[in-house]
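# Results of the structural survey
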Amino acid sequence: MNTKWIAASMASLGLGLISVTGTISAADIVNYQASTNYSSTQGANHWQYEKASGTTYSKLTYQAASNRWDNGGTYPWVSANAQHPGNDADAVRTWIAPANGTITITGAIEKGSADGDGILASIRKDNTTLWSQKVQSTAGVTPTGVSQIAVQKGTAIHFVVNKVGSISFDHTLWNPTIAFTETADVPDDQSLSIVQFGAVADDGKDDYAAVNAAIAVARTQGKDVYVPVGTFQLSDIVTVNGVTLKGASKEKSILLSTNPERGSIDLTGSNPAIRNLKHEYQSVVPRGNGENEKNSITVRNAADFTVDNIIVNKASTAGIYVSGSAGGTITNNTVQNTNADGIHTTGGSHNVTVEQNIVQNVGDDMIAVVSYGDDLDAAGNPEATYDVRILNNQVSDGNTRGISVVGGHDVRIEANTIQRTQMAGIYIATEAGKDKQYITQPVDRVTITNNTLDSAALKPDGGHADMLVYGGYSADSDSIVIDNITFTGNTSRNSTKFPAGVWGSAKIGKVSFSNTTIVNAPYEEKYKFENGTVTWEGKQEYPR
């Protein structure tokens with residue numbers, strides 16, 4: 001068992017150095033030492049010999065007589081174990097990573113003479129400085145903060161010696177060793193791994209503090225947060241505020257919430273994102289009043305958010321819940337085994353795209369747009385959810401409806417596949433819950449185009465049509481609460497009741513159905529219309 005001490009760059013947070021343990025076989029480590037690998041050929045053994053002016057590097061020339069690389073017979077020069085800067089350029093020894101992996105750099109630096117005004121030594125990863133220090137004596141100086149550095153194939157590690165004032169007596173002894181471990185699972189240069197902050201995969205211990213620390217530093221540095229392969233445990237809610245939390249893959253990078261009451265990953269702020277990982281609960285509790293702390297992913301008052309390529313497995317309430325957010329995408333995700341809705345957009349959210357998701361085995365609606373009566377803007381006026389696009393999703397085996405709009409306007413439902421719902425496959429409605437709780441706002445301008453419904457409304461006593469418009473409640477009996485609902489090019493297969501229906505006690509306006517394909521319906525009547533001004537295949541069917 002090797003112990004790796006990783007500098008967390010967390011002085012402002014008081015975290016200092018963090019000890020991380022993990023097993024690394026010595027056979028997995030390849031050592032590249034400057035003197036051992038020294039060559040008269042550029043690039044041999046992954047080493048290059050260069051001069052630099054700022055961040056511009058150019059090759060030195062090998063001099064056989066002196067067995068060193070120099071600038072046409074003058075400074076700067078690089079030998080097997082030493083470097084000397086020039087007046088106009090730094091002396092640079094460069095190692096190029098042969099593959100993705102991590103490196104640890106060792107080897108002290110010392111002046112060849114105690115005379116002179118010293119040199120400035122630095123280690124750079126491409127154009128980022130990892131370490132830098134002035135060296136003035138013959139006593140060795142050991143670089144710090146250069147352990148377990150992630151590199152990608154082609155990453156350049158530059159060992160740079162620069163003058164301080166004069167180049168006199170600037171002969172510098174430096175024979176660095178790079179211990180390289182190849183692994184595909186490393187963060188890119190724009191990311192901080194949660195492992196750097198103390199998280200340990202698959203050890204059964206809480207990684208909550210490490211994940212929060214990584215997010216805090218990533219915010220200050222403008223970087224992403226990386227979750228490597230393995231399972232990392234979270235004991236409480238994690239807030240992703242204006243950063244990206246991403247994994248190696250949605251199958252292999254796993255965040256496991258161990259508290260069924262407080263396990264949500266919350267996205268807030270500007271441009272928050274979560275990508276390429278799996279979030280699941282170790283266990284769940286009953287849905288109760290639907291507390292958002294028990295969701296899998298909660299987007300709260302965010303702008304331009306992204307939820308992409310995530311597996312959501314189990315949640316005490318919703319899978320992906322969006323409230324009060326402006327602009328965002330929910331794409332390429334799998335949401336399953338939740339106690340409430342799979343994907344739920346509410347609270348005045350707008351300009352949201354829900355596309356190419358798989359939603360299955362959820363406890364309530366699979367994809368829902370909802371506007372409650374108490375969703376208010378800053379002035380205290382009702383604020384509906386609007387401009388939501390629900391496109392090319394596959395939803396199946398939900399406990400209630402497939403895709404629903406219960407309050408809201410300007411919603412587009414297109415090219416979705418909806419299978420085996422207990423209630424309506426597509427449900428457009430206003431509602432009021434028990435004792436007039438959860439009264440919803442009106443619905444206007446919803447287009448439902450080219451969707452396929454198969455075996456919808458399976459519940460024997462559910463009383464729903466496959467495609468149902470339902471005026472469930474209105475506080476004002478004289479006002480139209482559902483209007484401008486357009487169904488075009490949809491297919492109903494294996495209906496258990498009516499493929500289409502419009503009914504309810506609240507006033508409904510215009511509803512149209514055109515180019516509808518019906519396969520294997522149980523009744524001769526293809527629809528049941530009891531409310532609104534309804535046209536079927538271009539002909540007004542209700543009222544007659």
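Being a predicted model, the structure only gives us computed values, none of them experimental.

Each value, and the rule that gives it
- Residues numbered from 1 in each chain as written.
- Predicted model: local features only at pLDDT ≥ 70, side-chain atom pairs only at ≥ 80, totals over all residues.
- Heavy atoms only, no water.
- Phe/Tyr/Trp six-rings, centres within 6.5 Å; stacked < 30°, edge-to-face > 60°.
- Helix = DSSP H or I, 4+ residues; strand = E, 2+ residues; numbered from the N terminus.
- Buried < 20%, exposed > 50% of the residue type's maximum accessible area, 1.4 Å probe, protein only.
- Salt bridge = Lys/Arg side-chain N within 4 Å of Asp/Glu carboxyl O.
- 1 Å grid on protein atoms, 1.4 Å probe; cavity = no way out; pocket = protein on both sides within 12 Å on 5 of 7 lines; lining within 4 Å.
- Points joined across faces, edges and corners; volume = space filled by probe spheres on them.
- Nonpolar A, V, L, I, M, F, W, Y, C, P; charged D, E, K, R; others polar.
- pLDDT = per-residue confidence, 0-100.
- Contact = heavy atoms within 4.5 Å.
- Pairing = 2+ DSSP bridges.
- Axes fitted to C-alpha atoms, helices over the stretch in contact; angles between N-to-C directions.
- Core = buried A, V, L, I, M, F, W, Y, C linked by side-chain atoms within 4.5 Å.
- Expected span 1.5 Å × (residues − 1).
- Polar contact = N/O pair within 3.5 Å; in protein donor to acceptor, adjacent residues only side chain to side chain.

Under the defined criterion, the tally for this structure stands at 15 aromatic pairs. A centroid spacing of 5.8 Å and a plane angle of 55° characterise the contact between tryptophan 95 and phenylalanine 180, whose relative ring orientation is tilted. A residue pair is termed long-range when its members are at least 10 positions apart, and tryptophan 95 in strand E10 (residues 90-96) and phenylalanine 180 in strand E18 (residues 177-182) qualify at 85 residues. According to the relative accessible area criterion, phenylalanine 180 is buried, its value standing at 4%. Note on tyrosine 527 and phenylalanine 529: the rings are 4.3 Å apart at their centroids and 10° apart in plane angle, and the pair reads as stacked. Site record: aromatic cluster; members linked through ring pairs are Phe487, Phe513, Tyr527, Phe529 and Trp536.

Time to look at the pattern of salt bridges. Inspection of the entire model under this criterion finds 19 salt bridges. With its nearest N and O atoms 3.1 Å apart, the salt bridge here joins arginine 401 to glutamate 431. A residue pair is termed long-range when its members are at least 10 positions apart, and arginine 401 in the loop between strand E36 (394-396) and strand E37 (403-406) and glutamate 431 in the loop between strand E40 (426-430) and strand E41 (443-449) qualify at 30 residues. For arginine 401, a relative accessible area of 12% puts it in the buried group. One salt bridge in this structure joins aspartate 410 and arginine 445, with 2.8 Å as the shortest N-O distance. Of this pair, aspartate 410 sits in strand E38 (residues 408-414) while arginine 445 sits in strand E41, and the two are 35 residues apart along the sequence. Taking relative accessible area as the criterion, arginine 445 reaches 38% and is therefore assigned partly exposed. The structure contains a network of salt bridges with shared partners spanning Asp188, Asp224 and Lys246.

Moving on: the layout of surface pockets. Counted as a void, the second largest pocket has a volume near 750 Å³. Along the wall of the second largest pocket there are 32 residues; nearest its centre are Arg287, His344, Val370, Tyr372 and Tyr438. Mapped by element, the contributors of at least two residues to the lining of the second largest pocket are strand E28 (320-323), strand E31 (343-346), strand E34 (367-370) and E37. A breakdown of the residues in the lining of the second largest pocket according to their chemical character gives ten nonpolar, 13 polar and nine charged.

Another aspect to go through is the confidence of the model for the protein. Confidence in the prediction for the protein averages 92 pLDDT; 94% of positions are at 70 or higher. Predicted confidence for residues 1-27 stays below pLDDT 50, and this span has 53 contacts to residues more than four positions away or in other chains.

What follows deals with the sheet that holds strand E3 (residues 29-33). Here we have four strands laid out as an open sheet, ordered E3-E18-E11-E15, and antiparallel in their pairing. Strands at the two margins of the open sheet, each flanked by one partner only, are E3 and strand E15 (149-151). Adjacent strand axes in the sheet meet at a mean angle of 30° when their direction is disregarded. Bridge analysis of strand E11 (residues 101-106) against E15 gives three bridges, and the strand direction is antiparallel. If you follow threonine 102 over to E15, its bridge partner there is alanine 150.

Next up on the list: the nonpolar core. Grouped together as the largest cluster of nonpolar side chains are 72 residues, with contacts concentrated most on Val307, Ile428, Ile485, Phe487 and Phe513. Ignoring any residue separated from it by four or fewer positions in sequence, one finds phenylalanine 487 in contact with Ile426, Ile428, Ile448, Met467, Val469, Val511, Ser512, Phe513 and Ser514. Formed by 30 residues, the second largest nonpolar core is a distinct cluster that contains Tyr32, Ala99, Val135 and Ile149.

As a further point, take helix H1 (residues 208-221). Across its 14 residues, H1 extends 20 Å between first and last C-alpha, which sits within 8% of the 20 Å expected from 1.5 Å per residue. Inspection of H1 places Ala210, Val211, Ala213, Ala214, Ile215, Val217 and Ala218 among the buried residues, and these make up the whole buried set. Residues of H1 that are buried sit in contact with strand E19 (191-193), strand E20 (224-227), strand E21 (230-234) and strand E22 (238-241). At the exit of H1 stands glycine 222, carrying a positive phi of roughly 65°.

So, on to the side chain of threonine 104. Residue position: threonine 104 is located in strand E11. Of the polar contacts made by the side chain of threonine 104, one reaches the backbone nitrogen of glutamine 148; its length is 3.1 Å. Among all residues touching threonine 104, those that are not within four sequence positions of it are Val146, Ser147, Gln148, Thr177, Ile178 and Ala179.

So, on to the environment of aspartate 410. By relative accessible area, aspartate 410 is classed as partly exposed at 31%. Along the backbone, aspartate 410 and aspartate 387 are 23 residues apart, and their C-alpha atoms lie at a distance of 5.0 Å. Residues in contact with aspartate 410, not counting those within four places in the same chain, are Tyr386, Asp387, Val388, Asp444 and Arg445.

A few words now on the side chain of asparagine 393. With respect to the helices and strands, the residue asparagine 393 is situated in the loop between strand E35 (386-391) and E36. Those residues in contact with asparagine 393, other than ones at most four positions away along the chain, are Val354, Glu355, Gln356, Asn357, Ile367, Ala415, Asn416 and Thr417.

Here we take up unusual backbone geometry. Cis geometry is adopted by the peptide bond preceding proline 76, which originates at tyrosine 75 and carries an omega value of 0°. Tracing the backbone through its elements, the reader meets proline 76 in the loop between strand E7 (68-70) and strand E8 (77-78). Omega for the bond connecting tyrosine 542 with proline 543 falls within 30 degrees of zero, at -10°, which places this linkage in the cis form. Positive phi outside glycine occurs at phenylalanine 169, with the angle close to 60°. Take phenylalanine 169: it is sitting in the loop between strand E16 (156-163) and strand E17 (172-174). The phi angle at asparagine 301 is positive, at roughly 50°, despite the residue not being glycine.

Quick look at the sheet that holds E8 now. Here six strands make up an open sheet; going across it, the order is E6-E7-E8-E9-E17-E12 and the pairing antiparallel. The sheet is open, and its two edges are formed by strand E6 (61-63) and strand E12 (109-111), each paired on a single side. In terms of strand pairing, strand E9 (residues 82-84) meets E17 through two bridges, oriented antiparallel. In the sheet register, alanine 82 faces E17, and the bridge partner there is leucine 173.

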